[in-house]
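# Structural characterization, general
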Amino acid sequence: MRNKFLAVLAMAALIFAGCSKDNDGGSTIGEGEIGFYLKISQESDETKADAGQVTGGKVNFSEGALFFADASDNFVRYVRITNDLVTGTVSAAELEAGYLFNGISSTAVKVYVIGGYNFSGTTSVANKAALDAIKVTLKDESDANFGVSNATLAGSGAIVPVGTSNSQSWHNPAPAGATHEAYVEVRPLIARWEIESVGTKTGADIDNDWILEGIYVDNIYYESSLFGAYTATEWYEYPWTVKGSTYDRYNRLDNTSNYSTADWNPILFDDGSYDYDNNAVFPAYATAASSLRDAAADGVSKTGAEIVVVPENGAWAYNVFADPSNVPNIVLHFSNVNITSTGQPRPNKTMDDLVGEAGYTHSTGDYDGVAFLAVTGYRESGAPVTVEGGHVYVISDLFFDEDDLRDEPKGPEDPDNPDPDKKFDVFVQIKLMDWVVVPVTPEFN
């Protein structure tokens, strides 16, 4: 799918004098300086993220900065973008129409653009390496309503002679006398995953009393640079190294689990314990297990399924850093899974194998009825999905039967391709996040 989520920066260079903090930066020609023509535009048809805990469902560019780099990636100018009313203000309407800033060094050959990050207090950034040293986490990318309004945006482009880039397609020709411009796509670092319903397939050998204990996101990077570079130390997955090794990793009440920490709870999992209205864990669930659907809950009817569970807010939704080389795994934890044909709980053979071993005190059958569904791949129109920033991947119907379930969240053969017999792909609908430009101010440093 062609990405329609674009922020286009058309830059034109004029030679002039002066380097003031006024909007125009001076009106006479100065040696060794160029002008910077900025235009922000967007394609917004069918780009709204309209599901999950998203209340506004929009990506904002209310804070950020522009960095002009020379051929060695040293920054010759840093321009802060902010809502603060300071000298040199420019409105969103002016930016959408196109705006000329003067006083940029003629040694600038490339521009880097960051949005959705507050550079207040940052007086200078020396070079691209210093910019890359700034990190953001998935907690930084989430807002109070679990939407996408805090998503970091990033892009870059070369400054080239006018006419080299495709600026004319944006119906905004460079001003008379302009000599240079650039074309840049700016997109969020994150992608978003939404699950609209979970249910058992029609004809599944599972009765309707199953409990959905929780939904977890695995195989992710938790930290990123402002330009989407990740380190191995920030990669999180829970491979099955020995039998039973991953059970406690998907437990909010286990202090060895990342899902028990304030940074991950609740932005990367749901188990019904979180009060989204007050942004806190429900008191009754603070030290107790919880579930998204208990056996007494009513289901809804849907074609292709015996019984379906739907979330209270439209979708279970998660923001993750977009990594084209990997896809996040979505792990669903079930209990009270009973096999209709036998009238008995589904046996959990993994845990039964551990009876009597050191560290395990349970008896045979203690974990019967406990099962996991690990979503390990995604397809759109039959083709595997490559995760892209700014995209919302919507799973409308996550239906399963007894053959799709596993005893352990991960398979033993390969953490990234668990148990070939239990690999579970789903079809997704891909939407694009909308980007709303709000009034901004460039601050010259």
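Keep in mind it's a predicted model, so treat the numbers as computed, not measured.

Here the focus is the overall build of the protein. The number of helices and strands found in the protein is three helices and 33 strands. When contacts within the protein are restricted to residue pairs at least 6 apart in sequence, those whose partners lie at least 24 apart make up 78%. Counting every atom, the protein has about 18500 Å² of accessible surface; 48% of that belongs to carbon and sulfur.

So, about the sheet that holds strand 29 (residues 398–400). Read from one edge of the open sheet, three strands run 21-13-29, paired in mixed fashion. The open sheet has two edge strands, strand 21 (305–309) and strand 29, and neither has a second partner. This sheet shows a mean twist of 25° between the axes of neighbouring strands, independent of strand direction. Sheet analysis places strand 13 (residues 198–201) next to strand 29, joined by three bridges and oriented parallel. Across the sheet, glycine 199 pairs through a bridge with phenylalanine 399, a residue of strand 29.

We now examine the side chain of asparagine 258. By the element assignment, asparagine 258 lies in the loop between strand 17 (235–236) and strand 18 (269–270). Only 2.9 Å separates the side chain of asparagine 258 from the side chain of tyrosine 238, close enough to count as a polar contact. Setting aside anything within four residues of it in sequence, one finds asparagine 258 in contact with Tyr236, Tyr238 and Trp264.

Before going further, it helps to spend a moment on the pattern of salt bridges. Pairing is possible between side chains that carry opposite charge, provided their charged atoms lie close to one another. For the structure shown, the criterion picks out nine salt bridges. Linking aspartate 404 and lysine 201 is a salt bridge whose minimum nitrogen-to-oxygen distance equals 3.0 Å. Taken together, the residues span a long stretch of sequence, with aspartate 404 in the loop between strand 29 and strand 30 (424–427) and lysine 201 in strand 13 at a distance of 203 residues. Taking the relative accessible area as the measure of exposure, aspartate 404 reaches 14% and is therefore buried.

Quick look at the packing of aromatic side chains now. Under the defined criterion, the tally for this structure stands at 29 aromatic pairs. Summarising the aromatic geometry, the rings of tyrosine 216 and tyrosine 259 are spaced 5.1 Å apart at their centres and angled 75° between planes, so their arrangement reads as edge-to-face. Linking tyrosine 216 in strand 14 (residues 211–218) with tyrosine 259 in the loop between strand 17 and strand 18, this pair joins segments that are 43 residues apart in sequence. By the burial criterion, tyrosine 216 is buried, and tyrosine 259 matches it.

Of all hydrophobic cores here, the largest spans 88 residues; its most connected members are Phe67, Trp210, Leu268, Phe334 and Leu398. Contacts of leucine 268, omitting those with residues within four sequence positions, involve Leu138, Ile215, Tyr216, Val217, Ile220, Tyr222, Tyr259, Tyr318, Asn319 and Val320.

The next point concerns unusual backbone geometry. The omega torsion of the bond from asparagine 265 to proline 266 falls at 10°, within 30 degrees of zero and hence cis. Looking at the element boundaries, proline 266 is found in the loop between strand 17 and strand 18. With a phi angle near 60°, asparagine 219 is a residue other than glycine that sits in the positive phi range. Structurally, the position occupied by asparagine 219 is in the loop between strand 14 and strand 15 (220–221). Assessed through its relative accessible area of 5%, asparagine 219 is described here as buried. Of note in this structure, asparagine 336 is not a glycine but carries a positive phi near 55°. Counting through the fold element by element, asparagine 336 comes out in the loop between strand 23 (329–335) and strand 24 (338–339).

All right, on to the pairing of strand 6 (residues 110–115) then. For strand 6, the buried fraction is high: five of the six residues fall into the buried class. For strand 3 (residues 64–69) and strand 6, the ladder comprises six bridges, and the chain directions are antiparallel. Bridged to alanine 65 within strand 6 is isoleucine 114. Judged from the six bridges that link them, strand 6 and strand 8 (residues 153–158) form a sheet pairing that is antiparallel.

Reading the values: rules and limits
- Sequence positions are assigned chain by chain, starting from 1 and proceeding in written order.
- Reporting of local features is limited, given that this is a predicted model, to residues whose pLDDT is at least 70; pairs of side-chain atoms are given and counted only at 80 or more, and all residues count toward the totals for whole chains, interfaces and linings.
- Only heavy atoms go into the side-chain values, all of them from the structure, while hydrogens and water stay out.
- Going along the chain from the N terminus, every DSSP run of H or I of four or more residues is numbered as a helix, and every run of E of two or more is numbered as a strand.
- In this description, contact between two residues means that some pair of their heavy atoms is separated by no more than 4.5 Å.
- Using a 1.4 Å probe, the Shrake-Rupley method yields the accessible areas, and only the shown protein chains count as cover for residues.
- Two strands pair if DSSP finds at least two bridges between them.
- Inter-axis angles, ranging from 0 to 180 degrees, are taken between N-to-C directions of lines fitted to C-alpha atoms, where helices are fitted over the stretch in contact.
- The term polar contact refers here to a pair of N or O atoms within 3.5 Å; inside protein, the definition further demands a hydrogen-donor-capable atom paired with an acceptor-capable atom, and it admits residues adjacent in sequence only when both atoms are side-chain atoms.
- For this analysis, a salt bridge means a side-chain nitrogen from Lys or Arg found within 4 Å of a carboxyl oxygen belonging to Asp or Glu.
- Residue burial is assigned from relative accessible area. The probe radius is 1.4 Å, only protein chains are included, and a residue is buried under 20% of its type maximum, exposed over 50%, and partly exposed in between.
- In this scheme Phe, Tyr and Trp rings, the latter by its six-membered ring, pair at centre separations within 6.5 Å, and the angle between planes marks the pair as stacked below 30 degrees, edge-to-face above 60, and tilted otherwise.
- Among buried residues, the Ala, Val, Leu, Ile, Met, Phe, Trp, Tyr and Cys ones that are joined through side-chain atoms within 4.5 Å form a nonpolar core.

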